[in-house]
Amino acid sequence: MNKTELTPAATALTDLILDLFRLNSRVLASGDRLVAPLGLTSARWQILGAITSAGRPQPVAWLARDMEANRQNVQRIVNDLEKEGLIAFEANPHHRRAQLVVLTDKGKQTFDAAMRLQAPWANELSDGLRVEDIETMRRVMAAMRSKLEGTGDEEHT
């Protein structure tokens, strides 16, 4: 087989990746519409979620690492969230310049409101899908992610 020819599995995977790109765009647009009344975007919501799930204050670099996102992009959004009063910065006893990011009361209320909107959205989106199919897709995505991480293709900045 010529190196430029795709195997049947590679062809199916390429089609899946293209579908994932389209799905990602649709999910982000839908998320943006869902949380727009709260003054959020999908990106802002995702960062509020990362702060919440961290369980303790973390610097932006750690949030970006946990999200597998570009640190500069996370920093820009965190700065916007701070201007909106949704997060605050606290001194970091372990690093003078890398302040810790914490949710304010307004940030907690906004995140909680977003999650109250998310539940019916996810219920509707999953309606008619088999749990087993969703779990299979998740396993396939995890395997692909693991392979990509093994090649050094993940972004860490």
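Rules used in this analysis
Note on numbering: residues in each chain are counted from 1, in written sequence order. Only residues with pLDDT of 70 or above have their local features reported here, since the model is predicted, and side-chain atom pairs are shown and tallied only from 80 upward, although totals for entire chains, interfaces and linings are computed over all residues. Hydrogens and waters are ignored; side-chain quantities use all the structure's heavy atoms. A fitted line through C-alpha atoms serves as each axis, taken over the contacting stretch for helices, and the angle formed by two N-to-C directions is quoted from 0 to 180°. We count a stretch as a helix when DSSP gives it H or I for four or more residues in a row; a strand needs E for two or more, and each element gets its number in order from the N terminus. Any angle from 65 to 115 degrees is called roughly perpendicular, while one under 35 is roughly parallel, one over 145 is roughly antiparallel, and all others are oblique. The criterion used for residue contact is that any of the two residues' heavy atoms lie within 4.5 Å. Gly falls in the polar group here, along with every residue not listed as nonpolar (Ala, Val, Leu, Ile, Met, Phe, Trp, Tyr, Cys, Pro) or charged (Asp, Glu, Lys, Arg). Here a helix's expected span is defined as the number of its residues, less one, multiplied by 1.5 Å. Using a 1.4 Å probe on the protein chains alone, a residue whose accessible area is under 20% of its type maximum counts as buried, one over 50% counts as exposed, and one in between counts as partly exposed.

Engineer: Looking at this model, I keep getting lost on the packing of helix H2 (residues 42-54) against helix H4 (residues 71-83). Mind explaining?
Structural biologist: Angle between the axes and distance between the axes: these two values describe a pair of packed helices. Close contact between H2 and H4 brings their axes to 10 Å; oriented N to C, the two are set at 90°. As far as their axial angle goes, H4 and H2 are roughly perpendicular. Of the residues in H4, those touching H2 at Ala 43, Arg 44, Ile 47 and Leu 48 are Val 74, Ile 77, Val 78, Asp 80 and Leu 81. When the residues that make up the contact of H2 with H4 are grouped by side-chain class, the tally is seven nonpolar, no polar and two charged.

Engineer: What should I look at first to understand H2 in this one?
Structural biologist: Quick reminder: α-helices carry 3.6 residues per turn. Residues three or four places apart thus point the same way. For H2, with 13 residues, the first-to-last C-alpha span of 18 Å sits near the 18 Å given by 1.5 Å per residue. Listed in full, the buried residues belonging to H2 are Ser 42, Arg 44, Trp 45, Ile 47, Leu 48, Gly 49, Ala 50 and Ile 51. Buried residues belonging to H2 abut helix H1 (8-35), helix H3 (60-67), H4, strand S2 (87-90), strand S3 (100-103) and helix H5 (105-126). Once H2 finishes, Gly 55 follows within two positions and takes phi at roughly 80°, a positive value.

Keep in mind these numbers describe shape, not what the thing actually does.
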